[in-house]
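Report on the structure
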Protein chains: 4
Amino acid sequence: MTTISYAEVQKHKTKDSCWVILYGEVWDVTDFLEEHPGGSSIILKLAGQDATTEYDPVHPPGTLEENLPGSKRLGQIDPTTLPEPVKPAKEIGPEADQDIEIPIENLLNLDEIEEAATKKLSKKGWAYYYSAADDLHSKHLNNTAYRQILLRPRVFVDCSRCDLSTTFLGRKLDLPIYVSPAAMARLAHPDGEWGIAQACKKYGAMQIISNNASMTPEQIVKDAGPDQTFGWQLYVQTERKKSEAMLARINKLDAIKFICLTLDAPVPGKREHDERSKNIVEDTDAAIKDAGGSKLKGGGGIGQSLFFGTDPTLTWKETLPWLKKHTSKPIILKGLQAHEDAFIAAQHSDQVKAIILSNHGGRAADTAPPAVHTLLEIRKYCPEVFNNIEVIVDGGIKRGTDVVKALALGAKAVGVGRAALFGLGAGGIEGVERVLEILKAETATAMRLLGVEFVKDLGPRHINTRALERDIYDGPAGLEGFGNVGLWLSRSYNPDLVS
Amino acid sequence: MTTISYAEVQKHKTKDSCWVILYGEVWDVTDFLEEHPGGSSIILKLAGQDATTEYDPVHPPGTLEENLPGSKRLGQIDPTTLPEPVKPAKEIGPEADQDIEIPIENLLNLDEIEEAATKKLSKKGWAYYYSAADDLHSKHLNNTAYRQILLRPRVFVDCSRCDLSTTFLGRKLDLPIYVSPAAMARLAHPDGEWGIAQACKKYGAMQIISNNASMTPEQIVKDAGPDQTFGWQLYVQTERKKSEAMLARINKLDAIKFICLTLDAPVPGKREHDERSKNIVEDTDAAIKDAGGSKLKGGGGIGQSLFFGTDPTLTWKETLPWLKKHTSKPIILKGLQAHEDAFIAAQHSDQVKAIILSNHGGRAADTAPPAVHTLLEIRKYCPEVFNNIEVIVDGGIKRGTDVVKALALGAKAVGVGRAALFGLGAGGIEGVERVLEILKAETATAMRLLGVEFVKDLGPRHINTRALERDIYDGPAGLEGFGNVGLWLSRSYNPDLVS
Amino acid sequence: MTTISYAEVQKHKTKDSCWVILYGEVWDVTDFLEEHPGGSSIILKLAGQDATTEYDPVHPPGTLEENLPGSKRLGQIDPTTLPEPVKPAKEIGPEADQDIEIPIENLLNLDEIEEAATKKLSKKGWAYYYSAADDLHSKHLNNTAYRQILLRPRVFVDCSRCDLSTTFLGRKLDLPIYVSPAAMARLAHPDGEWGIAQACKKYGAMQIISNNASMTPEQIVKDAGPDQTFGWQLYVQTERKKSEAMLARINKLDAIKFICLTLDAPVPGKREHDERSKNIVEDTDAAIKDAGGSKLKGGGGIGQSLFFGTDPTLTWKETLPWLKKHTSKPIILKGLQAHEDAFIAAQHSDQVKAIILSNHGGRAADTAPPAVHTLLEIRKYCPEVFNNIEVIVDGGIKRGTDVVKALALGAKAVGVGRAALFGLGAGGIEGVERVLEILKAETATAMRLLGVEFVKDLGPRHINTRALERDIYDGPAGLEGFGNVGLWLSRSYNPDLVS
Amino acid sequence: MTTISYAEVQKHKTKDSCWVILYGEVWDVTDFLEEHPGGSSIILKLAGQDATTEYDPVHPPGTLEENLPGSKRLGQIDPTTLPEPVKPAKEIGPEADQDIEIPIENLLNLDEIEEAATKKLSKKGWAYYYSAADDLHSKHLNNTAYRQILLRPRVFVDCSRCDLSTTFLGRKLDLPIYVSPAAMARLAHPDGEWGIAQACKKYGAMQIISNNASMTPEQIVKDAGPDQTFGWQLYVQTERKKSEAMLARINKLDAIKFICLTLDAPVPGKREHDERSKNIVEDTDAAIKDAGGSKLKGGGGIGQSLFFGTDPTLTWKETLPWLKKHTSKPIILKGLQAHEDAFIAAQHSDQVKAIILSNHGGRAADTAPPAVHTLLEIRKYCPEVFNNIEVIVDGGIKRGTDVVKALALGAKAVGVGRAALFGLGAGGIEGVERVLEILKAETATAMRLLGVEFVKDLGPRHINTRALERDIYDGPAGLEGFGNVGLWLSRSYNPDLVS
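Here the structure is a predicted model, which is why all the values come from computation and not from measurement.

Broken down by element type, chain A carries 20 helices and 16 strands. Relative to its full complement of 499 residues, chain A shows a buried share of 56%. Counting contacts in chain A only where the partners sit at least 6 residues apart, residues at least 24 apart contribute 76% of the total.

Printed below as a string of structure tokens:
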């Protein structure tokens with residue numbers, strides 16, 4: 001391969017000829033500028049330079065090769081000509097305060113882990129993880145809704161044993177806590193999603209791999225244990241062939257046990273922390289486009305660019321059959337927020353095996369309800385849903401008591417997204433382990449103090465949800481065109497399930 | 001015209017002989033002192049000096065000529081005699097921190113726009129815009145009431161298309177967001193209300209021109225687009241002839257499509273920020289008078305003086321026929337805050353085509369209800385109102401989710417007042433455009449995440465208003481003397497409309 | 001009279017012989033030490049010195065003469081022997097920051113008046129006025145309860161006229177705002193209660209004179225206008241003869257139109273701000289005694305000492321007949337906090353003409369309900385009370401909207417206590433006038449914006465009390481032994497009165 | 001006894017040979033390392049040194065002798081060889097700010113006492129007392145729940161007399177306030193639990209001695225008055241013989257009138273303040289074990305180690321008969337938090353004479369309900385409980401009004417735990433006396449202002465609990481397997497008791 005001098009690369013920093021150095025090699029990305037989901041300006045700012053630090057943590061391996069023909073790899077950079085030595089990829093990672101070494105075992109709760117990670121993460125990574133829609137009302141509500149629920153501890157119950165295992169899609173999970181599909185884990189730590197998988201293996205926890213992972217699915221599951229459970233998250237692309245190719249690839253991975261179709265973000269929410277962390281787009285012609293193709297003044301952050309290409313036209317009627325055709329793995333739906341949708345999903349139990357109640361971590365529609373609201377809505381109006389399909393939830397989990405409350409309302413498991421990423425940021429694999437260890441211990445303590453040995457025995461009698469129930473929707477049902485209105489309107493109660 | 005030296009002007013600074021320099025000319029305002037709505041002392045403080053900076057942004061062109069005979073224009077000031085050169089009018093504007101240049105596209109939300117404007121506005125302008133009655137409870141509640149409503153996003157709905165257009169009085173508006181009648185726009189920027197009109201033209205948004213605009217209606221609408229919709233706000237004057245003359249002038253302007261009769265401030269509220277920004281009135285004989293003619297200790301701000309001459313005797317019986325006689329344009333009523341008044345207005349649908357639910361931006365009665373309360377009251381007690389007349393609302397809008405919530409409760413459009421003025425302050429026309437751009441994008445995102453394509457499809461099933469419903473009035477109806485009590489007391493419900 | 005040197009006075013500073021200088025005269029107070037309501041130690045600390053500054057503002061003229069025989073006035077102090085000249089009484093007053101001169105007319109609301117007074121008052125005076133029981137919950141709730149009520153402004157009502165007059169006990173009052181009986185006004189300003197009377201005269205406002213006024217009733221009413229209305233507050237003393245003598249004195253004062261028997265503080269509340277401001281009691285033998293005669297560790301403030309001698313044995317059966325025997329003026333009762341007591345009072349309408357709903361400004365029992373709660377309780381359970389006797393309220397009034405809300409719930413007038421004292425502290429008579437002027441203007445504005453001309457036309461339809469109604473007592477009635485239980489338990493509603 | 005040099009002791013600082021100096025004597029604790037409830041590392045850190053300061057305040061006398069054979073007492077330390085003189089035990093105590101001497105009588109309320117104690121306590125002691133589970137929600141709620149209840153003062157009631165006495169288990173108590181079983185009092189002051197007993201004697205208050213007292217029961221009760229009432233708290237040990245031996249010892253102490261079996265903490269809650277105060281465990285092999293025997297990363301505080309050995313298998317069926325066999329003293333149960341358990345306890349009134357509603361001071365399950373919630377639950381669903389067994393409560397008491405509210409809801413007495421310890425920390429016996437004096441005075445004031453002479457006359461009509469009642473559990477009853485479900489489900493109301 002040719003060797004190219006830094007001076008030569010420096011000559012190509014415009015829209016007409018744009019070269020960048022990545023992992024010690026020089027690439028001509030001129031033709032790709034217009035196609036880049038993150039907008040061309042972010043590339044132009046790095047034109048003629050080594051872009052590895054910016055590029056690496058947000059692109060899984062293979063991205064270059066998938067998007068550019070081999071001919072665009074022009075050659076190797078002559079390292080002696082560089083103003084400073086090219087950093088090898090593995091040294092690249094979080095930028096701030098790396099000196100502060102906090103012993104992981106001294107972090108006592110998830111807030112302290114977030115605090116520790118905040119000190120170690122790059123500003124961009126922190127902003128991407130921390131951000132939520134608009135004014136962060138839903139993000140905040142996700143947590144405070146749990147705090148409004150009171151526990152009802154019972155006495156004189158033998159609590160010497162406590163079994164935290166649960167089941168999901170017929171599989172046993174050692175923990176009722178799983179890792180939600182959260183994108184771009186290598187922004188936190190080079191171990192990335194693979195590191196999360198290692199921690200999950202140790203604790204027998206399920207992990208759902210993000211569609212926007214910063215590593216390939218193959219990398220992530222390569223060291224999976226024999227009983228380890230992975231799901232894979234799908235954002236359907238407008239170019240369906242891309243999604244179909246990806247599904248074909250996933251179908252080959254035995255460790256991945258189900259497909260998690262995400263529905264709570266057909267268009268991106270507005271995450272201002274994330275947007276603010278991006279550099280200002282000077283070249284307005286190169287502005288980032290939104291999901292509908294319009295240019296966005298003021299840019300948009302990582303979140304915005306990840307949505308590029310996402311198909312906003314999904315429907316019950318069209319999408320499920322299409323998806324079923326391309327995978328034989330069980331399908332679950334993520335992002336339901338109204339009992340009507342849970343009810344409809346339960347009517348599709350031939351195609352859908354489980355649902356995740358989620359408001360996307362408060363990152364989609366601000367003032368969307370927390371999952372615990374939706375749980376209470378389902379209990380109130382259509383508790384039979386819990387009999388027909390499995391329900392899991394995510395959003396706002398900070399304590400074992402939060403976990404126990406969701407389980408008592410009918411969830412089979414409870415997901416954490418940001419907590420896993422902050423754990424990774426605070427200490428790599430060990431940090432994620434610490435997150436799971438803390439939640440496991442707190443959950444076991446809460447169950448014991450309630451006098452409950454098995455997850456399945458948790459029920460509405462163990463919690464007092466009156467403060468929340470006051471706020472649960474009681475307006476008209478929105479089931480136009482779904483046919484089962486009559487049945488639903490009877491709002492029949494299952495007295496064993498309804499609180 | 002005579003040329004007059006500054007030394008000569010300086011001799012006339014008392015109640016007995018009071019001259020001021022305005023736009024390079026010397027005026028004798030002695031006889032006008034007692035008639036000045038803002039009180040004589042504010043003029044006396046500027047007597048013998050150039051008053052252009054203070055005068056210009058709060059008086060539309062023609063004010064001098066309308067109020068003073070030509071003989072009072074004594075001549076031109078001799079510029080060589082001035083202590084410093086007279087500033088030409090177009091340079092006059094906001095006073096503070098003009099150096100800070102914030103790129104408008106970096107302002108991500110309405111709070112940031114207000115913050116940017118706060119840095120650029122004069123203290124007086126800021127205080128006038130920011131102020132609200134007493135302790136600002138209603139101003140605050142206007143916004144927090146929206147935050148108490150939760151969205152109910154739906155999944156598996158094709159949201160590739162999103163049409164934000166709405167209709168009002170039979171006219172199509174591209175945006176369900178309009179600019180409320182807000183006074184004194186030139187305190188924010190020399191582009192004033194004309195500038196707001198330019199931004200509205202770009203976004204197809206309606207604008208209601210304030211009765212107290214700092215430009216003439218003719219100036220404001222002069223560059224109107226063919227489909228642009230303006231309304232004109234009327235405060236009826238005790239001297240009816242003045243109002244009739246103004247209506248005659250408005251009748252000639254085709255761009256103005258309706259008359260908006262304002263009812264929520266028959267007397268001024270108490271706005272302490274505004275009052276505090278005024279200079280102290282040393283001469284107690286020259287104190288500002290309140291709407292009833294009493295002298296006010298401690299003065300009163302811009303708001304107080306604008307009310308001078310407003311007629312507090314308006315009634316359903318007398319005022320509507322009088323107004324109908326003087327205009328053939330449709331009439332709408334602004335400032336309804338109780339369902340009883342909405343009900344009565346609907347009984348007058350021959351004379352009244354629409355109502356604006358508004359508490360005057362929290363500037364009239366403090367602890368008055370936010371518009372969203374009144375919407376819920378109407379839905380609860382007399383939902384037929386929505387069938388008989390059109391309802392629009394203003395107050396407290398900060399986010400697209402707020403817009404969507406008002407629309408879901410039955411409003412045809414949602415007004416912003418301070419936001420437009422702060423946009424103007426932050427960046428002139430471009431600032432107002434940015435306000436509309438932000439709200440448009442946020443509203444579209446919220447509609448898409450709800451799974452709603454058209455404004456008319458938004459309904460109570462898309463929002464959860466239980467937290468607010470608890471606080472909606474349920475006391476006795478106040479309909480004495482209106483005759484329709486019987487019909488109303490049945491409180492018949494329209495199940496399609498009532499949540 | 002003998003002349004005594006300072007050196008001689010200095011020799012008498014013990015319990016066995018205790019002299020003090022007051023108004024330039026030397027008194028032997030040895031025998032009085034044990035009787036002093038404020039405890040002996042406060043005197044012993046000033047023994048041998050000039051005590052005028054401490055003594056004057058908390059004792060009405062004549063106190064010395066009433067409590068000590070003439071023989072204890074030993075003589076005049078020789079001024080030449082004093083370490084510094086004796087200050088004459090009229091110069092004595094507030095101690096702090098007297099230089100700051102705030103123009104009264106620039107104070108725009110009651111909070112600003114309190115702030116201005118806080119800067120001018122002595123620490124002791126401020127603490128006595130500001131203090132309330134325990135954690136100040138009731139003091140705080142008194143105000144926030146009003147803020148929870150929303151106004152319901154109506155439109156198209158002629159509001160050119162606004163008549164604030166009300167009636168009480170058959171007398172016309174120009175304002176529905178009166179001054180509550182608040183003790184020790186001379187701690188705020190030498191004009192004291194007389195000064196408050198002067199301001200009330202100007203505004204046609206009623207004043208109830210405190211039992212613990214720092215001036216004699218005769219002094220306070222001496223410049224009363226012909227239509228001015230005073231009440232006199234009575235704390236019944238265990239030594240009934242003292243109370244009877246005082247009533248005889250009051251009976252002679254025509255300006256005093258009624259007796260206000262105070263019932264909400266049969267024993268003193270715990271006011272820690274007040275207690276803290278007192279100097280530490282070193283001599284534990286001389287500790288202040290509580291109402292039951294027990295010694296109190298940690299002292300007790302001015303409030304505590306004022307209760308000395310108050311009779312805690314009052315009952316409906318015994319006290320009203322006794323009081324009726326000693327005065328022919330109408331009797332009203334202050335301090336009712338439960339609807340049961342209002343009901344019982346209405347059963348005694350031959351003896352009781354009116355009641356004041358009050359929790360003693362939050363100074364008696366902390367977490368006692370605000371008056372507006374009691375108003376709502378009465379409306380809910382026994383609205384006929386409003387027909388049988390007049391109801392007025394105090395506590396927490398800061399704004400004209402607060403006044404209007406109380407009136408709309410059935411109060412005939414609304415009292416301010418601390419506001420008057422802080423007005424006095426901020427600017428003497430002019431300060432109290434400013435308080436009344438502000439409240440008058442705010443009340444008129446609120447009434448006009450509601451579309452109400454006369455106080456009597458205000459009703460439940462003008463306010464929304466739902467947020468408060470949720471918290472109104474609905475437990476069992478406490479009417480044991482009062483005989484009318486049967487009638488009351490029917491809880492008959494008067495639909496014209498009940499909201 | 002042999003004399004040993006410090007140099008010799010210094011040689012034994014490892015797991016293989018570990019000596020410590022305690023009270024001037026050298027002990028070989030090598031064999032005890034693994035058995036130490038607090039973990040071995042805390043001992044190893046003090047190995048080879050004088051450990052008296054750390055050891056003394058958390059171990060009652062006799063602990064060494066009970067746990068180690070006499071042969072492990074190797075000899076006396078040679079004081080001349082010490083780096084500094086061995087401090088005698090009685091000088092050991094709180095470490096911080098001992099200079100600040102706050103006169104106890106100047107502390108006006110329980111918050112000020114806590115503040116004063118905080119300044120005097122060692123960090124470790126403060127953290128142990130202050131700490132509560134997780135985020136301290138329940139600790140906080142324990143107090144704020146009382147503040148949500150309003151008092152209903154009555155007028156015209158003779159309140160000259162006020163009798164605060166109550167009865168419990170047939171015994172008269174002068175105060176309705178008792179000291180809860182709170183561990184490790186000598187962390188606060190050398191007077192320890194004996195000091196608390198002295199203060200209780202003075203005020204006729206009951207004291208329940210903690211199972212984890214830092215003094216022996218014999219020491220604590222040695223100066224008991226003839227009418228003084230003590231209870232003794234039992235945590236049943238997995239090694240039942242230990243508990244039986246302890247019960248045999250307690251049975252001999254006449255001053256101890258009942259056994260209080262604690263049920264609200266079968267496993268320890270997570271108290272992070274406590275954990276944080278511990279030194280970091282470097283030696284992970286020596287990590288503290290949790291109640292289930294698992295090692296805990298990050299350690300655990302004093303609270304954690306006190307639970308070592310506690311039996312988590314207690315049940316109604318097994319434990320009560322066992323306990324009855326080993327004591328003839330009355331048995332009461334502590335830590336009930338659901339009305340179902342109160343109901344079941346009442347069904348066992350032959351074995352159980354009283355219950356304590358308690359959430360363990362918020363130290364067990366965070367978001368567990370405050371005792372006042374459980375009181376309201378019982379009143380709502382099974383008020384007959386109050387007739388069958390006695391109910392007392394603890395948690396969150398800061399004011400006399402709190403005491404009165406619990407009594408009005410049916411509690412016979414109200415316990416304070418932290419307040420007593422902070423009193424002890426602030427001033428030893430005198431500090432605890434001050435706590436009782438303050439609460440006594442505040443309680444008497446509250447009762448008088450309510451117009452109530454005797455504790456037994458307090459009832460629901462004296463308080464307004466509506467704000468709390470909204471939040472009381474109304475879900476399904478959890479009575480599986482207890483047989484009386486039918487009876488209970490009728491939820492019969494006793495109208496004299498239910499509010």
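We now examine the interface of chain C and chain B. Often the size quoted for an interface is simply the accessible area lost on bringing the parts together. Opposite the 31 residues of chain C that make contact, chain B presents 40 residues. Elements represented by at least two residues in the side of chain C that touches chain B include exactly β5 (150-151), α18 (418-450) and α19 (466-469) of chain C. A class-by-class count of the residues in the side of chain C that touches chain B yields 13 nonpolar, seven polar and 11 charged.

So, on to the relation of the copies chain C and chain B. Superposition record for chain C on chain B: RMSD 0.1 Å, screw rotation 90°, translation along axis 0.0 Å. The operation mapping one copy onto its partner corresponds to a four-fold rotation axis. Taking C-alpha positions as reference, the residue of chain C nearest the rotation axis is Arg470 of chain C, located at 6.5 Å.

So, on to the domain arrangement of chain A. All names here are of chain A. Examined at the domain level, chain A breaks down into domain 1 (3-91) and domain 2 (110-266 + 310-474 + 484-489). The distance between the C-alpha centroids of domain 1 and domain 2 comes to 37 Å. Listed per partner, the contact involves seven residues of domain 1 and eight residues of domain 2. Tallied by class, residues from the side of domain 1 that touches domain 2 come to four nonpolar, two polar and one charged.

This paragraph deals with the packing of helix α17 (residues 400-408) of chain D against helix α18 (residues 418-450) of chain D. Residues and elements named next belong to chain D. In the contact formed by α17 and α18, the axes pass within 7 Å of each other and the chain directions differ by 60°. Put simply, α17 runs oblique to α18. For α17 against α18, the interelement crossing comes out right-handed. Where α17 approaches α18, its residues Gly400, Thr401, Val403 and Val404 are matched on the opposing element by Leu439, Glu442, Thr443, Thr445, Ala446, Met447 and Leu450. Of the residues in the contact of α17 with α18, the class split is six nonpolar, four polar and one charged.

Time to look at the sheet that holds strand β2 (residues 19-22) of chain C. All names here are of chain C. Read from one edge of the open sheet, four strands run β1-β4-β3-β2, paired in mixed fashion. Both edges of this open sheet fall to β1 (3-4) and β2, since each of them pairs with a single strand only. Relative to strand β4 (residues 73-77), β1 is paired through two bridges, and the arrangement is parallel. Bridge assignment links Thr3 to a residue of β4, and that residue is Gln76.

A few words now on helix α7 (residues 137-147) of chain A. Residue and element names in this part refer to chain A. Within the sequence span of α7, burial applies to Ser138, Lys139, Leu141, Asn142, Ala145 and Tyr146. All buried residues of α7 project into a common sector of 165° when viewed along the axis, lining one side. Elements in contact with the buried residues of α7: α15 (371-381), α17 (400-408) and α19 (466-469).

A few words on the sheet that holds strand β1 (residues 3-4) of chain D. With mixed pairing, four strands are arranged side by side in an open sheet as β1-β4-β3-β2 (chain D). Here the strands that pair on one side only, and so sit at the sheet edges, are β1 and β2 (19-22) of chain D.

The subject of this paragraph is the UniProt feature "domain: Cytochrome b5 heme-binding" (unreviewed entry) in chain A. In this structure's numbering, the residues bearing the UniProt feature "domain: Cytochrome b5 heme-binding" (unreviewed entry) are residues 1-78 of chain A. In residues 1-78 of chain A, helix accounts for 23% and strand for 19%; the two terminal C-alpha atoms are 11 Å from one another.

Here the focus is the interface of chain A and chain D. Listed per partner, the contact involves 31 residues of chain A and 40 residues of chain D. Sorting the residues of the side of chain A that touches chain D by element identifies β5 (150-151), α18 (418-450) and α19 of chain A as the ones contributing at least two each. Here the side of chain A that touches chain D is composed, by residue class, of 13 nonpolar, seven polar and 11 charged.

Here we come to the confidence of the model for chain A. Residue and element names in this part refer to chain A. The share of residues in chain A with pLDDT of 70 or more is 88%, and the mean pLDDT across the chain is 88. Between residues 86-97, whose pLDDT stays under 50, and residues either more than four places distant or in other chains, the model counts 34 contacts. Contacts for the low-pLDDT stretch residues 279-296, under 50 throughout, to residues beyond four places or in other chains number 33 contacts. In the predicted complex, the global pTM is 0.90; the interface-specific ipTM is 0.88.

Moving on, we come to the pairing of strand β13 (residues 354-357) of chain A. Residue and element names in this part refer to chain A. Residue alternation in β13 divides its side chains into two sets, Ala354 and Ile356 and Ile355 and Leu357, and both sets are buried. Taking the sense of rotation as the criterion, the β-α-β connection linking strand β12 (residues 331-336), helix α14 (residues 339-347) and β13 turns out right-handed. Relative to strand β14 (residues 390-394), β13 runs parallel, the two being bridged by four bridges. Bridge assignment links Ile356 to a residue of β14, and that residue is Ile392.

It is worth spelling out the pairing of strand β13 (residues 354-357) of chain C at this point. When strand β12 (residues 331-336) of chain C meets β13 of chain C, the two strands line up parallel, connected through four bridges. Following the sheet pairing, Leu333 of chain C is matched in β13 of chain C by Ile355 of chain C.

On to helix α13 (residues 316-326) of chain A. Residue and element names in this part refer to chain A. When we look at burial in α13, the residues that qualify are Trp316, Thr319, Leu320 and Leu323. Buried residues in α13, looked at end-on, bunch into an arc of 95°, giving them a common side. Exposed residues on α13 whose side chains face more than 90 degrees from its buried face are Lys317, Glu318, Pro321 and Lys325. Residues of α13 that are buried make contact with β11 (256-262), β12 and α14.

What follows concerns unusual backbone geometry. As a rule of thumb, non-glycine residues mostly have phi less than zero, and peptide bonds are mostly trans rather than cis. All names here are of chain C. Phi at Met184 is positive, roughly 60°, even though this residue is not glycine. Mapped onto the fold, Met184 is located in the loop between β8 (177-179) and α8 (192-203). A tally of 25 C-beta atoms within 10 Å means that Met184 is categorised as buried.

The rules behind these values
- Residues numbered from 1 in each chain as written.
- Chains lettered and ligands numbered in written order.
- Predicted model: local features only at pLDDT ≥ 70, side-chain atom pairs only at ≥ 80, totals over all residues.
- Helix = DSSP H or I, 4+ residues; strand = E, 2+ residues; numbered from the N terminus.
- Buried ≥ 20, exposed ≤ 12 C-beta atoms within 10 Å, placed from the backbone.
- Contact = placed C-beta atoms within 7 Å.
- Nonpolar A, V, L, I, M, F, W, Y, C, P; charged D, E, K, R; others polar.
- Least-squares fit on C-alpha atoms with pLDDT ≥ 70 in both.
- Domains from an automatic or database assignment.
- Axes fitted to C-alpha atoms, helices over the stretch in contact; angles between N-to-C directions.
- Parallel < 35°, antiparallel > 145°, perpendicular 65-115°, else oblique.
- Left-handed = near helix turned anticlockwise from the far one by under 90°.
- Pairing = 2+ DSSP bridges.
- Arc of directions from axis to C-beta.
- UniProt positions renumbered as here; feature names shortened; annotations may be inferred.
- pLDDT = per-residue confidence, 0-100.
- Right-handed = clockwise from strand over helix to strand, strands pointing away.

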